[in-house]
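Below, each chain spelled out in residue letters.
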Amino acid sequence: MRDTLPDWLDPVFDAAEMRAVDAWAIEERGVPSLDLMERAGAGLARVAAAAARPGPVRVVVGKGNNGGDGLVVARLLREEGREVDVLSVAPPDELRGDPAVNLERLPGAPPATFAPERLEGSGAVVDALLGTGFEGSPREPLASAIAAINAHDAPAVACDVPSGVNASTGEVEGEAVRAVATATFHGSKIGLHVEPGKSHAGRVEVVDIGIPRGAPRGGSAGLISERVLALYPRRGRSGSKFSSGVVVIAGGSMGLTGAPTMAARSSQRAGAGYVQVAVPGPVQSAVDLRLLEQMSRGLPDDDGFHTPRGVEVVGEMAERAGAVVLGPGIGRAESAVEFARGVARAVEKPLLVDADGLNAHAGRLELFAERRAATVLTPHEGELGRLLELDSDEVRAHRLRHAREAAEQSGAVVLLKGDDTIVAAPGGPVAINPSGTPALATAGTGDVLSGLIGALLAKGLGAFEAAALGALAHALAGRAAAARFGVDHVMAGDVIDALPDGLTLR
């Protein structure tokens, strides 16, 4: 197992990494597996009790270790005097090992055979069916049990990972429990933080089950913590506007002047000292009306759109820049597509590509691999689908897989936008933003993110660090704006104004 995560990522585990942790504790440190199960069940019981409404707790168990955890829950809650029914999808005599031991320890009524009607009137349902090793689509009778749990309005609490969710990827291929809370053991799992698994997990609580210090860490993915904000380069007392970071924004077209101006304003609010905006000549005056602190430059155009004749000009502008942002508002005219491809090839500085700059490379993702300087791509699901020539629904179902795939094909850092924004580095770790907010679900916030990361690149941060820091700061700024105006009333400009809140180390 690799231990390669930077210290600003909180490790999350895939199934193989978690198996290795368990094996290390049991085989190398001599921790009895029954003790681990006891502590897991105790933590799960606490979470279930907190979520329960009046009425009996129904613990739905399978025949694996998750079922054993569920039996511990039933015993502990019964010992507290709670009414608990255990419903099993498998004959109890099929239990082996630690689950069988906990079946023998269970006081009161033995498990009953699961039936949907036995969930009626539940105060809570504990999902202890499938564990972290599950992949694919649940088979019967598990699929029907999961559907029955979801059909009832009692709060469901999941054991380690909601049954039906792939713990390593967040993928859901069939029925999956929709939990209000998930008690996950030792460390959180990747699939609890990546959609669609994230939406099934509810509130995630990590339960300490007594794994000794020195256990292997997850090495493939981590949650972006606010510690990343310490990487933000602060202005020095003897600095200048040029040493604070120079950003060139190449974008805009007739009718699409807001996107490049928001990216430019975002870059400067994020700390860039000097920002230039390269737009088609006919729209320069409209851009100038929106900008005060940033400079604009009109480029050759074709009916209000960029043209390949402007590539050389952007290349000259980039010579003094620390980073170039390509794509906001660029449009999809044929001349603009050729311009975007030309700029991506010509610019030898760190480059962020967004919006129609990405669409210009649909099916041509490998062209970015020809670049020698750092590249950050910031697609949403539709744009990533076009880059990979896949349907957006396919990307939505397998977000982690396709973010990693795009990073490998392009040689770029890929930031896949969403409530679970994923930052994937080629051949490296994945960073997941845990701080998403619906306040960002409004037009223009993607341009704000582009300008923000562009400023961080211009200040000298590496592509992975800049993308991860930008993703978190963007979300924190969205939350700060929502606290001011309400989630439903935030506009992109509000997020720009709140960027100092998002970039402040608490």
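1. Some points on the overall build of the protein
Across its full length, the protein holds 18 helices and 20 strands. At 26 Å, the protein has a C-alpha radius of gyration in line with the 23 Å of a compact globule built from 506 residues. The dimensions of the protein, computed from C-alpha atoms along their principal axes, are 80 × 45 × 40 Å. When the 506 residues of the protein are sorted by exposure, 59% land in the buried category. Split by element, the accessible area of the protein, about 19700 Å² in all, is 48% carbon and sulfur.

2. Observations regarding the sheet that holds strand S15 (residues 323–326)
Read across the open sheet, the 11 strands follow the order S1-S9-S20-S19-S18-S17-S16-S15-S10-S11-S12; overall the sheet is mixed. Each edge of the open sheet is held by one strand with a lone partner, namely strand S1 (9–12) and strand S12 (295–299). Along the sheet, successive strands turn relative to each other by an average axial angle of 20°, direction set aside. Relative to strand S20 (residues 430–432), strand S9 (residues 221–224) runs parallel, the two sharing three bridges. Each bridged residue has a counterpart across the sheet, and for Ala221 the counterpart in S20 is Val430.

3. Quick look at the environment of Gly187
When you line up the elements, Gly187 lands in the loop between strand S7 (181–185) and helix H6 (197–201). Considered as a pair, Gly187 and Phe13 are 174 residues apart in the sequence and their alpha carbons are 6.8 Å apart. Discounting residues that sit within four places of it in the chain, Gly187 has contacts with Phe13 and Val206.

4. Some words on the nonpolar core
Looking at soluble globular proteins, one finds that nonpolar side chains tend to be buried together. Residues Ile224, Ile249, Val413, Phe464 and Leu469 are the most contacted members of the largest nonpolar core, which totals 61 residues. Mapped by element, the contributors of at least two residues to this core are strand S10 (246–250), helix H7 (258–269), strand S11 (274–280), S15, strand S18 (413–416), helix H15 (445–458), helix H16 (463–485) and helix H17 (492–497). Considering each element in turn, this core owes the most residues, 15 residues, to H16. Setting aside chain neighbours within four positions, we find Ile249 in contact with Pro260, Ala263, Ala264, Ser267, Val275, Gln276, Val277, Ala278 and Val325. Core analysis: the next-biggest nonpolar cluster, separate from the first, contains 49 residues, Val324, Leu365, Leu384 and Leu387 among them.

5. Some remarks on the environment of Leu449
You can see Leu449 is positioned in helix H15. For Leu449 and Ala272, which are 177 residues apart along the polypeptide, the C-alpha to C-alpha distance reads 14 Å.

6. Here we look at the environment of Ala74
The residue Ala74 is located in helix H3 (residues 65–79) in this model. We classify Ala74 as buried; its relative accessible area is 0%. Taking the C-alpha atoms as reference, Ala74 lies 51 Å from Asp354; in sequence the two are 280 residues apart. When near neighbours in sequence (up to four residues on either side) are disregarded, Ala74 contacts Val59, Val84, Val86 and Leu106.

7. What to know about the side chain of His306
Of note, His306 is situated in strand S14 (residues 305–306). A distance of 2.8 Å separates the side chain of His306 from the backbone oxygen of Gly251, its partner in a polar contact. Sequence-distant contacts of His306, that is, excluding residues within four places in its chain, are made with Gly251, Gly252, Ala278, Val279, Pro280, Leu299, Pro300, Ile330, Ser335, Ala336 and Phe339.

8. Some remarks on the pattern of salt bridges
Across all of its chains, the model carries 23 salt bridges by this definition. Note that Glu38 and Arg75 form a salt bridge whose closest N and O atoms lie 2.6 Å from each other. Placement of the pair is Glu38 in helix H2 (residues 33–51) and Arg75 in helix H3, with a sequence separation of 37 residues. The exposure class assigned to Glu38 is partly exposed, which follows from its relative accessible area of 24%.

9. Comments concerning the sheet that holds strand S2 (residues 57–61)
Ordered by their spatial adjacency, seven strands build an open sheet running S4-S3-S2-S5-S6-S7-S8, and the pairing between neighbours is parallel. Each of the sheet's edge strands pairs with one partner strand only, and the pair in question is strand S4 (112–113) and strand S8 (203–207). The pairing of strand S6 (residues 156–159) with S7 spans three bridges and is parallel. From the neighbouring strand, Cys159 faces S7, where its bridge partner is Ala183.

10. Considering H7
Because each turn of an α-helix spans 3.6 residues, side chains separated by three or four positions in sequence point in the same direction. With 12 residues, H7 ought to run about 16 Å at 1.5 Å a step, and its terminal C-alpha atoms sit 16 Å apart, in line with that. Across the 12 residues that make up H7, a large majority, nine, are buried. On its buried face, H7 is in contact with S10, S11, helix H8 (284–290), H15, H17 and helix H18 (499–502). After H7 finishes, the residue Gly271 shows a positive phi value of roughly 115°.

11. Things to note about the packing of H7 against H15
The relative placement of two packed helices comes down to the angle between their axes together with the axis-to-axis distance. Two elements in contact, H7 and H15, have axes separated by 7 Å at closest approach and are oriented at 40°. Between H7 and H15, the angle is such that the two are oblique. For the pair H7 and H15, the crossing hand works out as right-handed. For the pair formed by H7 and H15, the contact residues are Ala259, Met262, Ala263, Ser266 and Ser267 on the first element and Asp447, Val448, Gly451, Leu452 and Ala455 on the second. Broken down by class, the residue content of the contact of H7 with H15 amounts to six nonpolar, three polar and one charged.

12. Let's talk about the packing of aromatic side chains
Any aromatic ring pair is given by two values, namely how distant the centres are and how the planes are angled relative to each other. Throughout the structure, instances matching the rule amount to one aromatic pair. A centroid spacing of 5.8 Å and a plane angle of 40° characterise the contact between Trp8 and Phe464, whose relative ring orientation is tilted. Placement of Trp8 in the segment before S1 and of Phe464 in helix H16 is noted, with a sequence separation of 456 residues between them. On the accessibility criterion, Trp8 (4% relative accessible area) is buried.

13. What to know about the pairing of S6
By the alternation rule, side chains of S6 split into Ala156 and Ala158 and Val157 and Cys159, which are all buried. Crossover handedness for the path strand S5 (residues 124–128) to helix H5 (residues 142–151) to S6: right-handed.

14. Remarks on unusual backbone geometry
Cis geometry is adopted by the peptide bond preceding Pro141, which originates at Glu140 and carries an omega value of 5°. For the peptide bond that leads from Glu195 to Pro196, omega is 0°, which places it in the cis range. Within the secondary structure, Pro196 sits in the loop between S7 and H6. The backbone of His186 shows a phi angle near 70°, a positive value even though the residue is not glycine.

Reading guide: rules and limits
- Residues numbered from 1 in each chain as written.
- Predicted model: local features only at pLDDT ≥ 70, side-chain atom pairs only at ≥ 80, totals over all residues.
- Heavy atoms only, no water.
- Helix = DSSP H or I, 4+ residues; strand = E, 2+ residues; numbered from the N terminus.
- Rg over C-alpha atoms; globule rule 2.2 N^0.38 Å.
- Buried < 20%, exposed > 50% of the residue type's maximum accessible area, 1.4 Å probe, protein only.
- Areas by Shrake-Rupley, 256 points an atom, 1.4 Å probe, with all protein chains shown as cover.
- Pairing = 2+ DSSP bridges.
- Axes fitted to C-alpha atoms, helices over the stretch in contact; angles between N-to-C directions.
- Contact = heavy atoms within 4.5 Å.
- Core = buried A, V, L, I, M, F, W, Y, C linked by side-chain atoms within 4.5 Å.
- Polar contact = N/O pair within 3.5 Å; in protein donor to acceptor, adjacent residues only side chain to side chain.
- Salt bridge = Lys/Arg side-chain N within 4 Å of Asp/Glu carboxyl O.
- Expected span 1.5 Å × (residues − 1).
- Parallel < 35°, antiparallel > 145°, perpendicular 65-115°, else oblique.
- Left-handed = near helix turned anticlockwise from the far one by under 90°.
- Nonpolar A, V, L, I, M, F, W, Y, C, P; charged D, E, K, R; others polar.
- Phe/Tyr/Trp six-rings, centres within 6.5 Å; stacked < 30°, edge-to-face > 60°.
- Right-handed = clockwise from strand over helix to strand, strands pointing away.

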